[in-house]
Amino acid sequence: SCGYASQGADWFHVHWAFPDTGSFQAGGWTLLDSDQMWHRGSQTISTTQWMLSEAVTWSVQYFTDQTLNTSCYIGTEDAAYQFKQWFASAPASGCPASTFGARFTKQVSFQGGTYTMHLQRAGQARVLMDGQTLLDLWQSGDGGQDATLALTGTHEVQVEFAGTATLSPALGVWWYGPGALPAAPPTDPSSWRVEYYGNQTLWGQPALVQNEGGDGINHAWGETGPGYSLPDYSWSARFSRDVAFSCGTYRFGIFVDDGVRLWVGDQLLIDQWQDQVASFTADISLTGGSVPVKVEYYQHNGGAALTVNWQLLDTTACGNVLPDLQPYTPTIWAGSVVASPVPGSRISSTLLAGQTTYFSWAIVNDGYAGTSTDFPVELWLDNEHRATFNAYSLEAGLIETVQDWATVVVTPGLHTIRLVIDPANTVNELDKMNNTWQGTFYWQAATMSQPAGALPLFVPVLSDGGD
């Protein structure tokens, strides 16, 4: 192919000859030989029209004043979003600290759909979309604001900021939607709930929330950051989950680059909040049961890594070391047994007789030792045995779930559901009286105008009990 381009401050001019691929790319646009039209997302224009090229960088301007009148710096930055913490430093040479102004401008191509724009600031700030104010926090404070709107194609996003003498200046602007940051998923009790921040002090609202599985934490991010166009450097994260521990003394181990804090229950076990590459251990005695574990982390410069794990050291102070099997209600579930007209749901909604009902249930070994043998778990409908699930050597503190087991309840009305763990008492455990869950659900007669799951018309009566 042959071609060349010339450009000025606000334009570029392209001459082209097509290669065999039949397309030519410039300024974020694709010219197709098939229709002789420029394309970008849902936008299509002819070769005789003006087009706005997509800026891959932010235009940056800093000011000596809070009214954004006198410029002290003009430049560009490569970034998807804006994450700033200036602390006590001036934003650029020749500019004042704290009481400066700033303006960031970028042409953003939106794939199309519903987007939520978020602004948070320590100081005063506003976001303009195509010259119109979208988010307005132009008064001194430390907090955030959201706006949700439908967008497609290219729009100018402009962020203005002014620092104040009473606050350490900081700024965050990002958006969720197609092609941008994902919305937070529902909580998964078997995974770590991880909040990622575009600053290194866990300030404000997390920009990214994810569920990350596994018992411990094992990350080696290197110099690429957590992904999703968040910063490669100067970011932070908070990991949290409830962990079912058996009775005993545990040793927690951490490898970190840079800062870390670890809580087990309400006890701060490790507090090493500084730049470093180091390993730490701490021991704690636990009586058993579900315990909240929280890890806070920050990355400053260079590589980023975090590993957190634990091991059971001793159970001599725990007395009778046995398992204890019992029904378990995960954090976002309606109960230890959930009945739903749609798969994947863990809350209660309208159940329709004659249509498929999806059952999910959970159990936990809340004792001090694992089971030495496999054992069955039974689900009963009224007095009818409907399902058997075989559990395999459940270790102390672990949770086992069966999700979206499908069956049909034919008769409308109230029905009793019973979950029975180890009905033959094959497992020697601490307490055999807590192995049963029982609840009552209502199935409505199905009609043509009311498909399964249409309306949450009722709340099932649930009860925990055992024999």
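Rules behind the numbers
Numbering of residues begins from 1 in every chain and follows the order in which that chain's sequence is written. Given that the model is predicted, a residue must reach a pLDDT of at least 70 before its local features are reported, and side-chain atom pairs must reach 80 or more before they are shown or counted; all residues, however, enter totals for whole chains, interfaces and linings. To obtain the side-chain values, all non-hydrogen atoms of the structure were used and water was disregarded. What counts as a disulfide here is a pair of cysteine sulfur atoms lying within 2.5 Å. Where helices and strands are cited, they refer to DSSP runs of H or I of at least four residues and of E of at least two residues respectively, numbered from the N terminus. Residue burial is assigned from relative accessible area. The probe radius is 1.4 Å, only protein chains are included, and a residue is buried under 20% of its type maximum, exposed over 50%, and partly exposed in between. Each pair of aromatic rings taken from Phe, Tyr and Trp, with Trp reduced to its six-membered ring, is defined by centres within 6.5 Å and is described as stacked if the planes are under 30 degrees apart, edge-to-face if over 60, and tilted in the remaining cases. Here, two residues are considered to be in contact whenever any of their heavy atoms come within 4.5 Å of each other. By the convention used here, strands pair only if DSSP detects at least 2 bridges between them. In this analysis, axes come from line fits to C-alpha atoms, helices being fitted only over the stretch in contact, and the angle between any two N-to-C directions falls in the range 0 to 180 degrees.

### A word on the state of the cysteines
Evaluated as defined, the whole model comprises 2 disulfides. Disulfide pairing is shown between cysteine 72 and cysteine 95; the S-S distance is 2.0 Å. Because the torsion about its S-S bond is 110 degrees, the bridge between cysteine 72 and cysteine 95 counts as right-handed. In this pair, cysteine 72 sits in strand 8 (residues 71-77) while cysteine 95 sits in the loop between strand 9 (82-85) and strand 10 (101-129), placing the two residues 23 residues apart along the sequence. Cysteine 95 shares its class with cysteine 72; the two are buried. Residue cysteine 247 pairs covalently with cysteine 318 via a disulfide, S to S 2.0 Å. On the S-S bond that ties cysteine 247 to cysteine 318, the torsion sits near -85 degrees, and the link is left-handed. In this pair, cysteine 247 is assigned in the loop between strand 16 (235-245) and strand 17 (248-257) and cysteine 318 in the loop between strand 22 (304-314) and strand 23 (325-327), connecting sequence segments 71 residues apart. Each of the two residues, cysteine 247 as well as cysteine 318, counts as buried.

### Things to note about the packing of aromatic side chains
Going through the model one piece at a time under the given rule, you end up with 27 aromatic pairs. Where tyrosine 196 meets phenylalanine 239, the ring centres are 6.4 Å apart and the plane angle is 75 degrees; that geometry is what we call edge-to-face. Of the two residues, tyrosine 196 sits in strand 13 (residues 192-197) while phenylalanine 239 sits in strand 16, which places them 43 residues apart along the sequence. Residue tyrosine 196 is classed as buried on the basis of its relative accessible area of 1%. Ring centres of tryptophan 235 and tyrosine 297 lie 5.5 Å apart, and the angle between their planes is 55 degrees; on these two criteria the pair is classed as tilted. Residue tryptophan 235 is located in strand 16, and its partner tyrosine 297 is located in strand 21 (residues 289-299); the two are separated by 62 residues in the primary sequence. Summarising the burial analysis for this pair, tryptophan 235 and tyrosine 297 share the class buried.

### Observations regarding the environment of leucine 394
With respect to the secondary-structure elements, leucine 394 resides in the loop between strand 28 (384-391) and strand 29 (399-408). We classify leucine 394 as buried; its relative accessible area is 4%. For the pair formed by leucine 394 and alanine 369, sequence separation is 25 residues and the distance between their alpha carbons is 9.0 Å. Non-local contacts of leucine 394, meaning those with residues more than four positions away in its chain, are made with Leu325, Ile363, Val364, Asn365, Gly370, Thr371, Phe375 and Glu400.

### What to know about the sheet that holds strand 15 (residues 217-222)
The 4 strands lie next to each other as 15-22-17-20, forming an open sheet whose pairing is antiparallel. Both edges of this open sheet fall to strand 15 and strand 20 (278-286), since each of them pairs with a single strand only. Neighbour to neighbour, the strand axes of the sheet diverge by 20 degrees on average, direction disregarded. By the bridge criterion, 9 bridges tie strand 17 to strand 20 in an arrangement that is antiparallel. Directly across from phenylalanine 252, in strand 20, lies its bridge partner alanine 282.

### Concerning unusual backbone geometry
Backbone geometry at aspartate 382 places phi at a positive 55 degrees, although glycine is not the residue there. Examined against the element boundaries, aspartate 382 turns out to sit in the loop between strand 27 (375-381) and strand 28. The exposure class of aspartate 382 is partly exposed, given its relative accessible area of 30%. One non-glycine residue, aspartate 404, adopts positive backbone phi at about 65 degrees. Positionally, aspartate 404 belongs in strand 29. Of the residues examined, aspartate 404 reaches a relative accessible area of 26% and is grouped as partly exposed.

### Describing the pairing of strand 15
Of the two faces of strand 15, only one is covered, namely that formed by Ile217, His219 and Trp221; the face formed by Asn218, Ala220 and Gly222 stays uncovered. In terms of strand pairing, strand 15 meets strand 22 through 5 bridges, oriented antiparallel. Bridge pairing in strand 22 links glycine 222 to alanine 304.

### Focus on the sheet that holds strand 18 (residues 259-264)
Strand order in the open sheet made by the 6 strands is 14-13-16-21-18-19, with antiparallel pairing throughout. Bordering the open sheet on either side are strand 14 (208-212) and strand 19 (267-272), each of which pairs with just one other strand. Between one strand axis and the next, the sheet turns by 15 degrees as a mean value, whatever way the strands run. Pairing of strand 18 with strand 21 involves 6 bridges; the strand directions are antiparallel. Across the sheet, leucine 262 pairs through a bridge with valine 295, a residue of strand 21.

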